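Listed here are the chains, written in short residue letters.
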Amino acid sequence: MIVRLRYYLSVFFFMLCLTVFAQDFSISGKVVDGNGSPIEFANVIISAENEEAFFKGTSTDEKGIFKLEVLTSTTYFIRISFIGYEEFEQKVVLSGNLDLRTIQLKEIPESLSEVTVIAKKPTTTRKPDRLIFNVENTALIEGSTLSVLKSTPGVIVSDGSINIKSAPAAVYINNRRVQLTSDELMQLLENSPANSIKSIEVITNPPASYDADSGSVINIIMSKNLITGYRGSIQTNYTQGVFPRYNAATSHYFKNDKVNLNVNYSYTNQKINKDQDDTVNFLDNSNEIEEIWQSNVNRNRWSETHNLNLNFDYYIDDNNTLSLTSTGLYTPYFKYQIRNKTNIADENQNFLSSFTANNLSRDNKYNIGTNLIYKHDFENKASLSFNAHYTIYDYERDQNVFQDEPGVINDSEFKTLANLNTNIISGKVDYSWPVDETSNFDMGLKYSNVKTDSDITRLDIIDGAEVLNTDNTDVFKYDENVFAAYTNYSKTWDKWDLNLGLRVEQTNIEGESLTLSETNTQDYLNWFPNASLSHQISEGVSLYGSYKRSITRPSYTDLNPFTFFLNENMVILGNPNLVPSYRDHYKIGTNFMEHFTVEAYYMNYDGDIVELPRQNNQTNIVAITPTNLDKKVDYGFDFAFDYYLTDNWNIYAVTSFFNITEESKFDDDFVKLIQWSNYSELSNNVSLLKDNSLDMSLSLVWVGKSVLDLVTVEDRLFSSFSVTKTFFNKKMNVFLSVEDIFNFQNEDYRIKYLNQSSRRYTDVDNRFIKFGLRYKFGNTKLNTNERSTDVEERERLKDLN
């Protein structure tokens, strides 16, 4: 009996000892500055000994106090940091609850008397399918998101468009497509501060998980809080172009153990000017000049815009996350005025007549897109995610046009009322499985539905009365369904990297014009393969190659047969007979000596969709209408050099020689345009002063004479300079930037083929000076946000203008 009692007592005390030794411990303390004042929102993180990876973290409260709990007995490294102060680091051996008492952070002195070069500068990383432009903590992020894109290698930001060289690019943020109209997208990027951008990915060969119409992608990788706490910023800037522009924005981030919240808001009030000189040579049956129409067009656009972006993550547990993202744009005030003065002369420049045409439009629109995402991480590191998306887009335009021709009694006056309502619903399932340490397998399904209801009513003003013009009044309904599935496999072995993908999409479209009693249907099934392969030949030399097939679907308004009048002699027409365009993209390249890259590429387009201005020499009307080209080929050679002259003076240079050939048939006539061109870029980024508080960036981009949409585009030089200075322990940033320094960025277009002859010179109001400041507060520790969601249908929304 006694022996048995001893046994049970021994077991009891043994288990008690285990319990004591296994209990959880804590580390606590108080963080103050040099004056003994508590520092709120200081970052406190610990990592296990011999491990640099983040293990656990928190931030100090308003009294500067922190506490890390549920820790085991072992050796840790604790690091405490706050902007403007030197990082505190200490090794601790934890065997019980530890109170570090008061920890004083040393302030980083701000000295202007010494110049050094140690700041972090933009770098580029090349992969077989993309170029990664790292800009985090550089001078570039003190401007707008659009200004960062303008400085990104290979990206051309022009009036109303963003291209990777000659190819239009789809814009994503954290792998989620920005589903706005082209004008709204430019507005959003211009008005959104860039301070949270980590990197820009220029993806020329997107994997199969991207939608098939994402032929070229610009993916903006943002940052988020790494540890618990709150941070925020307020920013304002003033831009002086032809007219002043104003912008104010604020960003707020909050994170604890269960939620991560990011809210961004911006307000913009601006007036944009555009001056345009047009010359149209109307020809006779022998293609000789019969009349010359020279127009001076001034366009002004007033707008007030509110942008709101929300990202919310709820961590259900270690393996399950529920996320909500939403982007909203509301434009309560939008006025668009076009003033046209046209002189008409004969072939010898003798004056014949003239007319003026004034167009005044007022818009009201909003665009709200929301994603709900659920993600589950399995124990084997596989993941399964579900994404539901809904977009509502509502657009109204009230247009008044008055055309006055001296000596003509019946001047033209009319009014147009246009409405567009679009609803988009989509659902997506993605599964990712790491087969082993060297390979990964992805697969997914997606369904999307797009419905638009649009109508246009033209009222002619005759003797002061409104008369319905039935020939130019219509109602159009559009219904699109896309079913998609994809697989992607990647493998790394020895010195090889392989990526194979396949996407299949079934598309069903129906467009119905109720007034014209016309119905257009399209049903097609397409396969979209992609592949990339790279090989590390030696330590400093690698070879790679890639292939991708993609599609461009007509936009909803492109298929709408409406005729929208800018004036009696300039109209915009839809084309219900448009078909999808396909692109095959091949690329091979090599990286060598660490700093050099050489690439060759070839792109073949089948039925490229372009907007063509077509002049009718009998009616003297110019109609802008979307058209499928018969063929387009773009091939060329790229040479890139990336080098640090000093520790933080970086130079990036690239030059590309490329050839574009475009072919199309018009009735019985055939046109073919061929043009060699050059794209060259030189970027300089440097940081000065001992505390790295002065940053400067200069970018020059040359785009030589080229062919685009059967139009010859003359030489252009894009130039920008920016300087940023930080104050108050880097809490405040003041920046100044200048665009189009040499005034050589304006567009000069020429059309000369068959019976088409015209020229357009446009000053797009892109020469300006911008001044702004940003103040940061709270936590500033960031890490990459890897969450990925995408919806692609909203990209093809277009305004009626």
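Preceding block: the structure.
Residues numbered from 1 in each chain as written. Predicted model: local features only at pLDDT ≥ 70, side-chain atom pairs only at ≥ 80, totals over all residues. Heavy atoms only, no water.

A.B. asks: Can you help me understand the overall build of the protein in this one?
C.D. replies: In terms of helices and strands, the protein carries three helices and 48 strands. A buried classification covers 53% of the 801 residues belonging to the protein. When contacts within the protein are restricted to residue pairs at least 6 apart in sequence, long-range pairs at least 24 apart make up 66% of them. Accessible surface, the protein: about 36,300 Å² in total, of which carbon and sulfur atoms supply 56%. (Helix = DSSP H or I, 4+ residues; strand = E, 2+ residues; numbered from the N terminus. Buried < 20%, exposed > 50% of the residue type's maximum accessible area, 1.4 Å probe, protein only. Contact = heavy atoms within 4.5 Å. Areas by Shrake-Rupley, 256 points an atom, 1.4 Å probe, with all protein chains shown as cover.)

A.B. asks: Explain the side chain of S656 here, please?
C.D. replies: For S656, the position within the fold is in strand 38 (residues 650–666). Residue classification places S656 among the buried residues on the basis of a relative accessible area of 1%. Side-chain polar atoms of S656 contact the side chain of D638, separated by 2.5 Å. (Polar contact = N/O pair within 3.5 Å; in protein donor to acceptor, adjacent residues only side chain to side chain.)

A.B. asks: Explain the sheet that holds strand 4 (residues 65–71) here, please?
C.D. replies: Hydrogen bonds between backbone atoms are what pair the strands of a sheet, whose relative direction is either parallel or antiparallel. The sheet built from three strands is open, its strands ordered 4-1-7 with mixed pairing. Only two strands of the sheet have a single neighbouring strand rather than two, namely strand 4 and strand 7 (98–104). Neighbour-to-neighbour, the strand axes of the sheet open up by a mean angle of 15°, direction not taken into account. Bridge count for strand 1 (residues 25–32) against strand 4 is five bridges, and the pairing is antiparallel. By the bridge assignment, I27 is partnered in strand 4 with L68. (Pairing = 2+ DSSP bridges. Axes fitted to C-alpha atoms, helices over the stretch in contact; angles between N-to-C directions.)

A.B. asks: Looking at this structure, how should I read the pairing of strand 26 (residues 465–468)?
C.D. replies: Consecutive side chains along a regular strand alternate between the two faces of the sheet. In this sheet, strand 26 lies alongside strand 25 (residues 439–462) in antiparallel orientation, the contact comprising four bridges. Looking at the pairing, D460 lines up with V467 of strand 26. Hairpin connection between strand 25 and strand 26: a loop of two residues separates the two successive antiparallel strands, and D463 in this loop has a positive phi of roughly 55°.

A.B. asks: How should I be thinking about the sheet that holds strand 2 (residues 43–48) in this particular structure?
C.D. replies: Taken in spatial order, the four strands make up an open sheet running 3-2-5-6, and their pairing is antiparallel. Looking at strand neighbours, the two that pair on one side only are strand 3 (56–59) and strand 6 (88–93), the edges of this open sheet. Pairs of neighbouring strands in the sheet enclose a mean axial angle of 20°, with direction left out of account. Sheet topology places strand 2 next to strand 3; four bridges connect them, and they run antiparallel. By the bridge assignment, N43 is partnered in strand 3 with S59.

A.B. asks: Is there a simple way to think about the pattern of salt bridges in this case?
C.D. replies: Two side chains that carry opposite charge are able to pair once their charged atoms sit near each other. Here the structure, examined in full by the defined rule, presents 22 salt bridges. The salt bridge involving K67 is made with E69; its shortest N-O contact spans 3.7 Å. A salt bridge links D211 to K446, with the shortest nitrogen-to-oxygen separation between them at 3.1 Å. In this pair, D211 is assigned in the loop between strand 15 (197–203) and strand 16 (217–225) and K446 in strand 25, connecting sequence segments 235 residues apart. Here D211 and K446 have matching classes, each one buried. Through salt bridges with shared partners, a single ionic network connects D211, K446, R503, E505 and R553. (Salt bridge = Lys/Arg side-chain N within 4 Å of Asp/Glu carboxyl O.)

A.B. asks: Mind showing me how you'd approach the nonpolar core here?
C.D. replies: Of all hydrophobic cores here, the largest spans 47 residues; its most connected members are L149, I162, I197, I200, I218, I220 and L710. By residue number, the principal contributor to this core is strand 38, which donates five residues. In this structure, V450, I551, Y582 and I624 belong to the second largest nonpolar core, which totals 32 residues. (Core = buried A, V, L, I, M, F, W, Y, C linked by side-chain atoms within 4.5 Å.)

A.B. asks: I'm lost on unusual backbone geometry in this one. Help?
C.D. replies: In most cases, non-glycine residues show a negative phi, while peptide bonds are predominantly trans. A positive phi angle is found at Q349, which is not glycine, with a value near 70°. By the element assignment, Q349 lies in the loop between strand 21 (320–346) and strand 22 (351–377). A positive phi angle is found at N743, which is not glycine, with a value near 55°. Along the chain, N743 falls in the loop between strand 44 (732–739) and strand 45 (747–753). A relative accessible area of 38% places N743 in the partly exposed class.

A.B. asks: How do you make sense of a nonpolar patch on the surface when you look at a structure like this?
C.D. replies: A cluster of nonpolar side chains, namely Y314, I316, L322, L324 and L372, defines an oily patch on the protein surface of about 380 Å² accessible area. Breaking the nonpolar patch down by element, the ones donating at least two residues are strand 20 (289–317) and strand 21. Within the fold, L324 resides in strand 21. (Patch = residues over 30% accessible without salt bridge, like charges linked within 9 Å, V, L, I, M, F, W, Y side chains within 5 Å.)

A.B. asks: Can you walk me through the environment of N273 in this structure?
C.D. replies: Among the structural elements, N273 can be located in strand 19 (residues 259–283). Owing to a relative accessible area of 5%, N273 belongs among the buried residues under this scheme. Along the chain, N273 and G241 lie 32 residues apart, while their C-alpha atoms are 8.5 Å from each other. Excluding residues that lie within four positions of it along the chain, N273 makes contacts with V242, F243, N298, R299, N300, D763, V764 and D765. Among the polar contacts made by the side chain of N273, one reaches the side chain of D275 at a distance of 3.1 Å.

A.B. asks: How do you make sense of the environment of F483 when you look at a structure like this?
C.D. replies: Within the secondary structure layout, F483 lies in strand 27 (residues 474–493). For F483, a relative accessible area of 41% gives the class partly exposed. In the structure, F483 is positioned 34 residues away from N449 in sequence and 9.1 Å away in space, judged by C-alpha atoms. Excluding residues within four positions of it along the chain, F483 makes contact with K446, Y447, V504, E505, Q506 and N508.

A.B. asks: Just to check I follow, could you spell out the packing of aromatic side chains for this structure?
C.D. replies: Two measures describe an aromatic ring pair: the distance that separates the ring centres and the angle between the ring planes. Tallied over the full model, the rule gives 21 aromatic pairs. Taking 5.6 Å as the distance between ring centres and 50° as the angle between the ring planes, the aromatic pair formed by Y238 and Y246 counts as tilted. For Y246, a relative accessible area of 43% translates into the label partly exposed. With a centroid separation of 6.4 Å and 15° between ring planes, the pair formed by Y393 and Y395 is classed as stacked. Comparing Y393 with Y395 shows no difference in burial state: the two are buried. One aromatic cluster is present, built from ring pairs that chain together Y547, Y586, Y602, Y635 and W676. The side chain of R458 reaches across the aromatic face of F565, ending 4.6 Å from its centre. If you follow K632 out to its NZ or CZ, it ends over the ring of Y605, 4.9 Å from the centre. (Phe/Tyr/Trp six-rings, centres within 6.5 Å; stacked < 30°, edge-to-face > 60°. Lys NZ or Arg CZ within 6 Å of the ring centre and 35° of its normal.)

A.B. asks: Help me understand the side chain of N650 in this model?
C.D. replies: Residue placement: N650 occurs in strand 38. From its side chain, N650 meets the backbone oxygen of Y643 in a polar contact 3.3 Å long.

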